[in-house]
Amino acid sequence: MKQTEVVFVRLSDPDPEILARAAAIIRAGRLVAFPTETVYGLGADALNEAAVARIFAAKGRPAYDPLIVHIADLEDLSRVVSEVPDMARRLAKRFWPGPLTLVLPRADLVPTLVTAGRDTVAVRCPSHPVALALIQASRTPIAAPSANRFGRTSPTTAQHVLDDLGGRVELILDAGPTPIGVESTVLDLTQAIPTILRPGGVPREALEEEIGSVAILEQAPTPTAEMGMPSPGLLARHYAPRAKLYLFLGAPDAVLRAMRQEAQAHLSAHRRVGILVADEDAAAFADLDVIGETVGPAEDLNMVARRLFGALRALDAQGVDVILARDFSVQGLGLAVRDRLRRAADVIMQAS
């Protein structure tokens, strides 16, 4: 592939000529990285199996990890699913466009490569104006996982995409940082009780306000040669920085004490130590020779989510050997933040 081109696109009123170029690339079976409200996605024509295969090749993604299909509006849902239950329409009317992915029965037009061999497909309608305009201009559903190398930290800026996939994607649409910063919530509507497979941009509490009790997947199935995972983001190891990540769980005071002790041990071993904490925690490490990244006030979980992946990438860029990260609340977007940190962690430590 020729050198990757990065083109800035206005967030409001995206340039139709730029979108037409990007759409032509999609229709030709090639790849375009683009912003969504969650993270940047690596897009291809969801109904073109050869194009979808290029996503897996570019990311180094295994075929057992399925993709999410992005559509422009609720009316497009019937193109990619074989059945649209009333609950799906109800949720779509409340949360679409937005960071909610619904798992529904797959339509025959959708290649099984998209769905990891399953008869279900994950679908969402993004709210980002550039993403919506690109889908509309392409006149086809777009399959798009996060635009990073497989298993690594998700991208929330165009530069993150270029760092990971430069030379592997033809065009990157740059509309600035993504506003939510963690991936969509994936809700499986093919189960007897609607089940969150991956927590994300729509909190569990908001879903339960709309439809009542919602379960959370406790144990992901083991993929086989015939059937992969039911959703992206379910692998035990995912979203990981290059540095070894330690995640500390427990009461905030106990967590900070344990993090200080661990930092001192690594510093004594002449390792470069990175700290990922809330703004108000930074003073607890001021006397230590650590590299700190803060993600906002602990109570502002929207900001924490928005800054999480960027902070992990910033610590990697500074060449730390280990990253010590604190846990946050499981309320609201905190559940998604904990999920990402747990899957990124090499070591999980319970502070007491």
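These remarks concern the structure in this document. (Residues numbered from 1 in each chain as written. Predicted model: local features only at pLDDT ≥ 70, side-chain atom pairs only at ≥ 80, totals over all residues. Heavy atoms only, no water.)

Let's shift gears to the layout of surface pockets. Considering only enclosed or pocket space, the largest pocket measures out at about 350 Å³ in volume. Taken together, 14 residues form the lining of the largest pocket, with I216, L217, D339, R342 and R343 sitting closest to its centre. Top contributing element to the lining of the largest pocket by residue count: helix α10 (residues 334-344), with five residues. Counted as a void, the second largest pocket has a volume near 190 Å³. What lines the second largest pocket is simply R149, R152, T153, D163, D164, A240, P241, R242, R313, D316 and A317. (1 Å grid on protein atoms, 1.4 Å probe; cavity = no way out; pocket = protein on both sides within 12 Å on 5 of 7 lines; lining within 4 Å. Points joined across faces, edges and corners; volume = space filled by probe spheres on them. Helix = DSSP H or I, 4+ residues; strand = E, 2+ residues; numbered from the N terminus.)

Right, let's get into the sheet that holds strand β15 (residues 322-326). Strand order across the open sheet formed by five strands is β14-β13-β15-β12-β16, with parallel pairing between neighbours. Two strands bound the open sheet, and with one partner strand each, they are β14 (291-294) and β16 (347-350). Going across the sheet, the axis of each strand differs from the next one's by a mean of 20 degrees, ignoring polarity. In this structure, strand β13 (residues 273-277) lies alongside β14, joined through four bridges in parallel fashion. By the bridge assignment, L276 is partnered in β14 with E293. Contacts from helix α9 (residues 301-317) reach β13, β14 and β15, with the element oriented near 170 degrees to β13. Relative to the sheet, α10 contacts β12 (244-249), β15 and β16, its axis offset from that of β12 by approximately 135 degrees. (Pairing = 2+ DSSP bridges. Axes fitted to C-alpha atoms, helices over the stretch in contact; angles between N-to-C directions. Contact = heavy atoms within 4.5 Å.)

Turning to helix α5 (residues 129-138), a few remarks are in order. Taking burial as the measure, the ten residues of α5 include seven buried ones, the bulk of the element. Buried within α5 are the following residues: V130, A131, L132, A133, L134, I135 and S138. Of the residues flanking the end of α5, it is R139, one or two places downstream, whose phi is positive at about 60 degrees. (Buried < 20%, exposed > 50% of the residue type's maximum accessible area, 1.4 Å probe, protein only.)

Now for empty space enclosed by the protein. It is the rolling of a water-molecule-sized probe over the atoms that shows where space remains empty. Evaluation of the coordinates by the stated rule reveals four cavities of 30 Å³ or more. Approximately 230 Å³ is the volume attributed to the largest cavity. In terms of lining residues, the largest cavity is bounded by 22 residues, among which A144, P145, S146, E183 and R198 are the most central. The set of elements that each furnish at least two residues to the lining of the largest cavity consists of β3 (40-45) and β4 (68-70). Class assignment for the residues of the lining of the largest cavity results in seven nonpolar, ten polar and five charged. (Nonpolar A, V, L, I, M, F, W, Y, C, P; charged D, E, K, R; others polar.)

This paragraph deals with helix α6 (residues 158-165). Residues of α6 that are buried include every one of A158, H160, V161, D164 and L165, and no others. Buried residues in α6, looked at end-on, bunch into an arc of 155 degrees, giving them a common side. Residues of α6 that are buried make contact with β2 (32-35), β3, α2 (49-59), β8 (171-174) and α9. Within two residues after α6, G167 carries a phi angle of roughly 85 degrees, on the positive side. (Arc of directions from axis to C-beta.)

Quick look at unusual backbone geometry now. Backbone torsion omega between W96 and P97 reads -10 degrees, so that peptide bond is classified as cis. Tracing the chain through its elements places P97 in the loop between α4 (86-95) and β5 (100-105). At A116, a residue that is not glycine, the phi angle is positive and equals roughly 55 degrees. Mapped onto the elements of the fold, A116 is located in the loop between β5 and β6 (120-124).

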